[in-house]
Number of protein chains: 2
Amino acid sequence: MELHGGNIYKLKREKGLEVLDYSANINPMGLSDRLKEEIGKNLSVLEKYPDPDYLEMKEAIAKHNKVEVENIIVGNGATEIMFLYAKNLKPKKVLIISPTFAEYERALKTVNCEIDYFQLKEEEDFILNIPKLKKTLEDSYDLLVVCNPNNPTGKFIDKVILDDLALTCKDKGISILLDEAFIEFVDGSMDRSLVEYKHKNVFIVRALTKFFAIPGLRLGYGITFDEELKGKIEGNREPWSVNAIAELATKVLLEDSEYIKKSEMWIKEEKKFMYHELEKIKGIKPYITETNFILVKLMTGMKVDEFRKKMITLGVLVRDASNFNYLDDKYFRLAIKDRINNIKVLRCVEDAIK
Amino acid sequence: MELHGGNIYKLKREKGLEVLDYSANINPMGLSDRLKEEIGKNLSVLEKYPDPDYLEMKEAIAKHNKVEVENIIVGNGATEIMFLYAKNLKPKKVLIISPTFAEYERALKTVNCEIDYFQLKEEEDFILNIPKLKKTLEDSYDLLVVCNPNNPTGKFIDKVILDDLALTCKDKGISILLDEAFIEFVDGSMDRSLVEYKHKNVFIVRALTKFFAIPGLRLGYGITFDEELKGKIEGNREPWSVNAIAELATKVLLEDSEYIKKSEMWIKEEKKFMYHELEKIKGIKPYITETNFILVKLMTGMKVDEFRKKMITLGVLVRDASNFNYLDDKYFRLAIKDRINNIKVLRCVEDAIK
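Computed from a predicted structure; not experimentally measured.

**Q** Quick question: what am I supposed to make of the nonpolar core here?
**A** Note on soluble globular proteins: their nonpolar side chains tend to be buried together. Among the nonpolar cores identified, the biggest contains 259 residues, and L144(A), F307(A), L334(A), L144(B), F307(B) and L334(B) are the most heavily contacted of them. Excluding its chain neighbours within four sequence positions, the residues that come into contact with L144(B) are L95(B), I97(B), L133(B), L137(B), L165(B), C169(B), I174(B), S175(B), I176(B) and L177(B).

Written out as structure tokens, the structure is:
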């Protein structure tokens, strides 16, 4: 069982198969033409060490988020940011809203904290039950982990709700790790982020990976309004962890308004299309999504392992979601890509479920 | 005071200066043409996550070192490898041969161990006094750190000597962290490495950064024959820490025999030239080097800070070496580059020392 989606390499090595990868949630528009051009023109950036202060890169990110350079931490993917946060916050007792992305737990386990889970219930369509969460939040927790929109459920919590939750947490001395790695795919995009409230107890994680289709480049960042924590993280980290092409790409991509606009239009249409088409297929239940992937339940008694294998023989790799906490062998996750491939995949799902 | 050389960015930001960077030790041949071509043709690797197992990359490295894939750990620069090693070995008491590269200490401090130093003496021309080291090596140490060739002194310890030291350490239950990041610049290159002895207690760190002029790409690796330690490191690490261009570059560069041969010929000539020309300049003392940088002492009473500033006004950035352990404000380090620039820099040194 893979911890993450997307191990197309193993599939190719072991079975010789080339598949349509619907297990990794990447913008199907692919690399922006502007970025390709800029990398081609600037390969010599590789011959120098990156700026150890990553100042221009941070300026581009700060501008994009309407915050200050001092609020930005850059990382070798969002993963490095999470591990740095865990290492420097050193929480003792953590509550993770779950099922969710597995790396929070992995990052937090490196600092040996106690981990509890707040379950998103299937009977509540995996929507976060905030009143119940608030009752569960004891003072003994020092960290709450929220993924928004949540992976793998695709649900999004509105910023005014999260703002209120952040204030409750503040009163109880609880920090929040808020992963917004998929926020660009939500209708309204960055305007829906909690960043504008500038909560000192909320650490926001972002990535350019998914929206700009650069998972191979490793490019993430954190936003914090806690100066002390920021100082600790910067003082404790490995130097030059962000490569020079990622440094260059940040500046190029965040200003590529054409790519951003086109992508926003695509996902707005396509998430509705995918949900409605999946709903029509008998034997499965899709959960409404606000982002670029969708959680689906097998209702025929077929197990996800069998379903996944069938899909592979049909040429499509889906994400077996049974190893997410609180999900079982009936769940899979599908990426949402371009219309032509989505239609192909929908036909394959229909065939595989028969 | 900078912890490392090469902050040309700060210099440019604060003073508007573009300088010849002799503070970072990078092969002046620059990016290999084959690599440029391959990156240009394969930018789409950025659109996928890297292989989480990095299998092809490890195969290329294993072949290059005549070891097995199982012996290789890849990292986001040698820095990540060092931090991973420290985190997973968790030594209690460490001896660092010093003056040396500052990152060992930084990496080891993250695991709160006791750190002692074994001093390379100026009166011994900074050559490692092995008999004395052996006497110093108490059983209470669990790790010895050796940089070979050593940064900033440029001295190299022959593999038969290191083999003997490794055996002594093995008897005492001491591990060795052996940084061979600059070994390709030593006459004889990889044949001079300790790797062939396959010591279980020796962890070797390498980087493609310096020799292949790709410090912006972040590409390092570790070689270990300790299965248990290997398992711990791989189990504990962040996924996808190596970007997809670095993954691609490894395969391309390690087979670029033309680039390798040309570089070996250049450095063989140029390190001799640089030493002999520096020797002719009055008021400084260069130390014979076996690699692509050279340590120099100011003998006129001028302080390195003043010297460095003078050099900047002449258009050259040198590495103030006074913050290396056991060095003081009389030392600087110079990279060795191509003949035309080396001659320019030699003239500047002459002018600055007057």
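**Q** Whenever I open this one, the pattern of salt bridges confuses me. Can you help?
**A** Should their charged atoms come close, side chains of opposite charge can pair. All names here are of chain A. Using the criterion set out here, one finds 53 salt bridges over all chains in the structure. Between K280 and E277 there is a salt bridge, with the nearest N and O atoms lying 2.7 Å from each other. Residue K280 and its partner E277 are located together in helix 10 (residues 257-280), separated by three residues, close to a single helical turn. For K280, a relative accessible area of 58% corresponds to the exposed category. Classification of E277 by relative accessible area gives buried; the value is 18%. One connected set of salt bridges, linked through shared partners, spans K58, E80, K230, E234 and R237.

**Q** Hey, could you run me through a positive patch on the surface in this one?
**A** On the surface, K87(A), K90(A), K92(A), K232(A), K87(B), K90(B), K92(B) and K232(B) cluster together into a positively charged patch. Here K90(B) shows up in the loop between helix 4 (77-89) and strand 3 (93-98).

**Q** Which parts of the structure should I look at to understand the pairing of strand 8 (residues 220-223) of chain A?
**A** Consecutive side chains of a regular strand alternate in pointing toward one face of the sheet and then the other. All names here are of chain A. Judged by which residues are buried, strand 8 turns out to be covered on both faces: G220 and G222 on one side and Y221 and I223 on the other are all buried. Across four bridges, the pairing between strand 2 (residues 72-75) and strand 8 is antiparallel. The residue bridging G75 from the neighbouring strand is G220, located in strand 8. Pairing geometry for strand 7 (residues 202-207) and strand 8, over four bridges, is antiparallel. Pairing of A207 across the sheet is with G220, part of strand 8.

**Q** Help me understand the relation of the copies chain B and chain A, please; the structure alone is not making it clear to me.
**A** For these two chain copies, the linking operation is a rotation about an axis paired with a shift along it. Rotating chain B by 180° and moving it 0.0 Å along the rotation axis overlays it on chain A with an RMSD of 0.0 Å. In short, the pair behaves as if placed about a two-fold rotation axis. Of every C-alpha in chain B, the one belonging to G40(B) sits nearest the axis of rotation, 3.2 Å from it. A high fraction, 100%, of the interface residues of chain B reappear at the interface in chain A, so the copies pair face to face through one surface.

**Q** What should I look at first to understand the packing of aromatic side chains in this one?
**A** Ring pairs (aromatic) are described by centroid distance and by the angle formed between their planes. In total, this model carries 26 aromatic pairs over all chains according to the counting rule given. Aromatic pair Y85(A) and F203(A): ring centres 4.5 Å apart, planes at 35°, arrangement tilted. Note that Y85(A) is positioned in helix 4 (residues 77-89) and F203(A) in strand 7, a separation of 118 residues in sequence. Among the residues examined, Y85(A) registers a relative accessible area of 1% and is labelled buried. Taking the relative accessible area as the measure of exposure, F203(A) reaches 2% and is therefore buried. Plain terms: the ring middles of F185(B) and W266(B) are 6.2 Å apart, the flat faces sit at 85° to each other, and that makes the pair edge-to-face. Taken together, the residues F185(B) in the loop between strand 6 (175-179) and strand 7 (202-207) and W266(B) in helix 10 (residues 257-280) connect sequence positions 81 residues apart. There is no split in this pair, since F185(B) and W266(B) are both buried. Here the aromatic residues F182(A), F185(A), F211(A), F212(A), Y259(A), W266(A) and F293(A) are joined through ring pairs into a cluster of three or more. We note K337(A) situated over the ring of Y22(A); from NZ or CZ to the ring centre the distance is 5.5 Å.

**Q** Would you take a moment to explain the interface of chain B and chain A for this structure?
**A** Taken together, the contacts link 48 residues of chain B with 48 residues of chain A. A buried area of about 4,100 Å², summed over both sides, lies between chain B and chain A, and 60% of it is on carbon and sulfur atoms. Viewed at the interface, chain A and chain B are joined by zero salt bridges. At the surface where chain B touches chain A, the tally comes to 20 residue pairs in polar contact (both at pLDDT 80 or more).

**Q** It is not clear to me how the pairing of strand 4 (residues 114-119) of chain A should be interpreted in this structure. Could you clarify?
**A** Residue and element names in this part refer to chain A. Sheet topology places strand 3 (residues 93-98) next to strand 4; six bridges connect them, and they run parallel. Within strand 4, the residue paired with L95 across the bridge is D116. Traced from strand 3 through helix 5 (residues 103-109) to strand 4, the parallel crossover comes out right-handed.

**Q** Just to check I follow, could you spell out the sheet that holds strand 7 of chain A for this structure?
**A** Within a sheet, neighbouring strands are paired by backbone hydrogen bonds and run either parallel or antiparallel to one another. Residue and element names in this part refer to chain A. Strand order in this open sheet of seven strands is 2-8-7-6-5-3-4, and the pairing throughout is mixed. Edge positions in the sheet fall to strand 2 and strand 4, since each of these pairs with one other strand and no more. Averaged over all pairs of adjacent strands, the angle between strand axes in this sheet comes to 20°, irrespective of strand direction. Along the sheet, helix 3 (residues 55-65) makes contact with strand 2, strand 7 and strand 8, crossing strand 2 at roughly 120°. Contacts from helix 7 (residues 159-172) reach strand 5 (143-147), strand 6 (175-179) and strand 7, with the element oriented near 150° to strand 6.

**Q** Quick question: what am I supposed to make of the sheet that holds strand 12 (residues 319-320) of chain B here?
**A** All names here are of chain B. Reading across the sheet, the four strands line up as 9-10-13-12 and stay open at both edges, with antiparallel pairing between neighbours. The sheet terminates laterally at strand 9 (284-286) and strand 12, the two strands that pair on one side only. In this structure, strand 9 lies alongside strand 10 (residues 293-298), joined through three bridges in antiparallel fashion. Residue pairing across strands places I284 opposite L298, the latter belonging to strand 10. Running over the sheet, helix 10 touches strand 9, strand 10 and strand 13 (331-335) and is turned about 160° from strand 9.

**Q** When you look at the packing of helix 11 (residues 304-313) of chain B against helix 12 (residues 339-353) of chain B in this model, what are you seeing that I'm missing?
**A** Axes are the key here: two packed helices are described by the angle between their axes and the distance separating the axes. Residue and element names in this part refer to chain B. Relative orientation of the contacting elements helix 11 and helix 12 amounts to 130°, with a least axis distance of 9 Å. It follows that helix 11 is oblique to helix 12 by the angle criterion. Our pair here, helix 11 against helix 12, has a crossing hand that is right-handed. Touching F307, K310 and M311 of helix 11 are V345, C348, V349, A352 and I353, all from helix 12. Here the residues of the contact of helix 11 with helix 12 are counted per class, giving seven nonpolar, no polar and one charged.

**Q** Would you mind showing me how to read the environment of C113(B) here?
**A** All names here are of chain B. Tracing the sequence through the fold places C113 in the loop between helix 5 (103-109) and strand 4 (114-119). Measuring from C-alpha to C-alpha, the distance between C113 and K90 comes to 7.7 Å, with 23 residues separating the pair along the chain. Ignoring anything within four residues of it in the chain, the contact list for C113 reads P91, K92, K93, V94 and L108.

Parameters and conventions
Residues numbered from 1 in each chain as written. Chains lettered and ligands numbered in written order. Predicted model: local features only at pLDDT ≥ 70, side-chain atom pairs only at ≥ 80, totals over all residues. Heavy atoms only, no water. Core = buried A, V, L, I, M, F, W, Y, C linked by side-chain atoms within 4.5 Å. Buried < 20%, exposed > 50% of the residue type's maximum accessible area, 1.4 Å probe, protein only. Contact = heavy atoms within 4.5 Å. Salt bridge = Lys/Arg side-chain N within 4 Å of Asp/Glu carboxyl O. Helix = DSSP H or I, 4+ residues; strand = E, 2+ residues; numbered from the N terminus. Patch = residues over 30% accessible without salt bridge, like charges linked within 9 Å, V, L, I, M, F, W, Y side chains within 5 Å. Areas by Shrake-Rupley, 256 points an atom, 1.4 Å probe, with all protein chains shown as cover. Lys, Arg positive; Asp, Glu negative; His and termini not counted. Charge placed at Lys NZ, Arg CZ, Asp CG, Glu CD. Pairing = 2+ DSSP bridges. Least-squares fit on C-alpha atoms with pLDDT ≥ 70 in both. Phe/Tyr/Trp six-rings, centres within 6.5 Å; stacked < 30°, edge-to-face > 60°. Lys NZ or Arg CZ within 6 Å of the ring centre and 35° of its normal. Buried area = accessible area lost by both parts, 1.4 Å probe. Polar contact = N/O pair within 3.5 Å; in protein donor to acceptor, adjacent residues only side chain to side chain. Right-handed = clockwise from strand over helix to strand, strands pointing away. Axes fitted to C-alpha atoms, helices over the stretch in contact; angles between N-to-C directions. Parallel < 35°, antiparallel > 145°, perpendicular 65-115°, else oblique. Left-handed = near helix turned anticlockwise from the far one by under 90°. Nonpolar A, V, L, I, M, F, W, Y, C, P; charged D, E, K, R; others polar.

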